[in-house]
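These are the residues of each chain, in order.
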Amino acid sequence: VAGDRDSETDSAPRIRRREHHGAEALPPSLAPVLRRVYAARGVLDAASLDLSLARLLPPEGMLGLDAAAGLLADAVQQQAAICIAGDYDADGATSTALMLRALRRLGAQRLDHVVPDRFNMGYGLSRPLVDLAVSRGAQVLVTVDSGIASVDGVAYARAQGLIVIITDHHLAGPELPAADAIVNPNQPGDGFPSKHLAGVGVAFYVMAALRSELRRRGQTGDELRMADLLDLVALGTVADVVKLDHNNRILVAQGLARIRAGRACAGIRALLTAGGRDPAHTTSMDLGFVVGPRLNAAGRLEDMGQGVACLLCDEEEQALGMARALDALNRARRDIEGDMLSGADDACLLPDAVGVTLFDPAWHEGVVGLVASRVKEARHRPVIAFAPAQQEGLLKGSARSISGLHVRDVLALVDARHPGLIERFGGHAMAAGLSLQREHLATFAAAFDGICRDSLSADALDAVLDSDGELAAGELGLDTALALEQAGPWGQGFPEPAFDGRFEAVDTRVVGERHVRYELHVPGAPRLQAIDFGGVERMRTGPVHLLYQLDINRWRGNMSPQLRIRSLAPAT
Ligand SMILES: [Mn+2]
């Protein structure tokens, strides 16, 4: 089996084939490979394959939704000044744009938005953000993708006479803010069946409820079609890396269909174009790896206001200009990240740590999360990367975990054992953020490593790549590649299919600086093209065992199948 073969080389990660029990219960009209892939992801009946809007979960059970819709309907009807308080990531930006677009169509005329400055205000509804909204005349403050932990900020806003509505999806802390309404499927007592909506998904449900409430009150006029907002929902959902459960797959699939049909907002189309993608073939991967990073670059390096402006723009040329500016920021981000990564080994506080802490005084606080993520992938260890914050002596860190370790819980444990060591922390199982004083860094690194060491089994520390098994020679073609593309959207919790098998590498060619093009031979199939991104060091010919994804290479109107190599080891 693959695992035995790969154990011969130390460097190649182990490949584990996914189980696919129950595949035979899926409709026989589906290709066998799709049945296998679906079953391995827990899709075991035809209903779960249906991604039509009619299948979207009704809002029943979502706590606070009626109260929020009622307050917003009052605000719209009285023409109160409504201010959306966003977040500085792609989920926050899409949420903000979605609410502003929806409210405008529902008749609100006094609309404004504020975006926190990552460097000066930090995350959530802080006092400076409230002050900013108040100074601009806000009467009703609606948070998106944030606010559930902003106990102080909400109290501060209400003390100034603001009506405060929280919409969020993050886990609630021990105390809820005293807002006028809170909509968050992850707040205690909420009965909405899906707990994986992104901030933008919550914003979508809130706007749908407002639309219903206004209709109930007899408002007619310029009608909002909720489906028109799904491009934004798809983008925010994928970019926020929430689990693609059935409800989220519906939202993303429907949004992608609109984007492919040329009905995305000008900003999303422009961002795809700036990233060299054809909107007609947009996949969830394009949203995650092309559009999302360009949007996020604004929040990481400068100000997410630019991202929101791009998503609000309805003028083609102007949107393209904004997208190009975001693309330039993304290239700057990539350079910064590359520099930081090249110094990552030197930035490591403890050489053989299980829980890895990295710090470099020259690092950029907006990019530490990406560095933590890259180092985590390379070393398969939980990683926290720190950079100096604007405030003298303070460090801001971003953590990324591996499966088997709830990193927010680990931070809570460090906090319990060393009260006062960590200034602030928050997050979830796979990612978290924190701040601490620089003089505490060494103590923190040792404590973090100790807890990781105690909590992670040898098994959990073993990097494993999942495979959907082998493809037969007859399956290694364009038909299968197209069927797989169609079968998405793929993403978090619904991983893109990967296969493994033995091939003869008959020809190699280095392209760019570090990528390798392969020509592969497999008995009973035509020669296959493959690409190994960044794979120049493991380049080889002869018999190889590959883990790969089956892509479509689109070039000047032609399509051909192409293997994207994920891991490569010599086969005996
Ligand atoms: Mn979010």
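If you're wondering where the values come from, they're calculated on a predicted model, not measured in any experiment.

A few points about the nonpolar core
- Counting 133 residues, the largest nonpolar core has Phe204, Met207, Leu358 and Phe503 as its most contacted members.
- Contacts of Phe204, omitting those with residues within four sequence positions, involve Leu56, Leu98, Met226, Leu229, Leu230, Val233 and Leu251.
- Residues Ile402, Leu421, Ala447 and Leu456 belong to the second largest nonpolar core, which totals 26 residues.

Details of the pattern of salt bridges
- Taken as a whole and assessed by the stated rule, the structure comprises 33 salt bridges.
- The salt bridge involving Glu337 is made with Arg333; its shortest N-O contact spans 2.4 Å. With Glu337 and Arg333 both in helix α13 (residues 316-342) and 4 residues apart, this pair spans about one turn of that helix.
- Salt-bridge contacts for Asp532 lead to Arg538; the nearest nitrogen and oxygen are separated by 2.8 Å.
- Given a relative accessible area of 0%, Asp532 falls into the buried group.
- The class of Arg538 is partly exposed, set by a relative accessible area of 30%.
- Among the charged side chains, a network of salt bridges with common partners joins Asp74, Glu213, Arg216 and Arg217.

Side note on the environment of Ala208
- Among the structural elements, Ala208 can be located in helix α7 (residues 199-216).
- For Ala208, a relative accessible area of 23% puts it in the partly exposed group.
- For the pair Ala208 and Ala102, spaced 106 residues apart in the sequence, the C-alpha separation amounts to 9.0 Å.

Considering the packing of helix α8 (residues 230-239) against helix α11 (residues 284-301)
- Close contact between α8 and α11 brings their axes to 9 Å; oriented N to C, the two are set at 85°. Relative to α11, α8 is oriented roughly perpendicular. Only Ser284, Leu287, Gly288, Val291, Gly292 and Leu295 of α11 make contact with α8, whose side of the interface consists of Ala234, Leu235, Val238 and Ala239.
- For the contact of α8 with α11, the per-class residue count stands at 7 nonpolar, 3 polar and no charged.

Quick word on the sheet that holds strand β14 (residues 515-521)
- An order of β13-β14-β15-β17-β16 is seen for the 5 strands of this closed barrel, with the pairing classed as mixed. The sheet shows a mean angle of 50° between the axes of neighbouring strands, direction not considered.
- When strand β16 (residues 542-555) meets strand β17 (residues 558-570), the two strands line up antiparallel, connected through 12 bridges. Opposite His545, over in β17, you have Ala569 as the bridge partner.

Some remarks on the pairing of strand β8 (residues 383-388)
- β8 sits mainly inside the fold: 5 of its 6 residues count as buried.
- Where strand β7 (residues 356-359) meets β8, 4 bridges bridge the pair, whose relative direction is parallel. Bridge assignment links Phe359 to a residue of β8, and that residue is Phe386.
- You can see the chain leave β7, run along helix α14 (residues 368-379) and come back into β8, and the turn it takes is right-handed.

Observations concerning the coordination of the manganese ion
- Donor atoms from the polypeptide that bind the manganese ion are Asp91 (OD), Asp145 (OD), His169 (NE2) and Asp240 (OD), placed at 2.1 to 2.4 Å.
- Mapping the donors of the manganese ion onto the primary sequence yields the spacing D-x53-D-x23-H-x70-D. One end of the pair, Asp91, is in helix α4 (residues 90-105); the other, Asp240, is in the loop between α8 and α9 (246-260), with 149 residues separating them in the sequence. Accessibility assignment for this pair places Asp91 and Asp240 in one class, buried.

Focus on the packing of aromatic side chains
- Enumeration according to the criterion identifies 7 aromatic pairs in this entry.
- Measuring from centroid to centroid gives 6.2 Å for Phe204 and Tyr205, while their planes differ by 85°, and the two rings are edge-to-face. The exposure classification of Phe204 matches that of Tyr205, with both residues buried.
- Seen from their ring centres, Phe503 and Tyr548 are 5.5 Å apart, and the 80° between their planes marks the pair as edge-to-face. With Phe503 in strand β13 (residues 499-511) and Tyr548 in strand β16, this pair connects stretches of sequence that are 45 residues apart.
- When its relative accessible area of 4% is taken as the criterion, Phe503 is described as buried.
- Among the residues examined, Tyr548 registers a relative accessible area of 0% and is labelled buried.
- Connected via pairs of aromatic rings, a cluster forms that spans Phe192, Phe204 and Tyr205.

Definitions and cut-offs
Residues numbered from 1 in each chain as written. Predicted model: local features only at pLDDT ≥ 70, side-chain atom pairs only at ≥ 80, totals over all residues. Heavy atoms only, no water. Core = buried A, V, L, I, M, F, W, Y, C linked by side-chain atoms within 4.5 Å. Buried < 20%, exposed > 50% of the residue type's maximum accessible area, 1.4 Å probe, protein only. Contact = heavy atoms within 4.5 Å. Salt bridge = Lys/Arg side-chain N within 4 Å of Asp/Glu carboxyl O. Helix = DSSP H or I, 4+ residues; strand = E, 2+ residues; numbered from the N terminus. Axes fitted to C-alpha atoms, helices over the stretch in contact; angles between N-to-C directions. Parallel < 35°, antiparallel > 145°, perpendicular 65-115°, else oblique. Nonpolar A, V, L, I, M, F, W, Y, C, P; charged D, E, K, R; others polar. Pairing = 2+ DSSP bridges. Right-handed = clockwise from strand over helix to strand, strands pointing away. Donors = N, O, S within 2.8 Å, 3.2 Å for Na, K, Ca; no water. Phe/Tyr/Trp six-rings, centres within 6.5 Å; stacked < 30°, edge-to-face > 60°.

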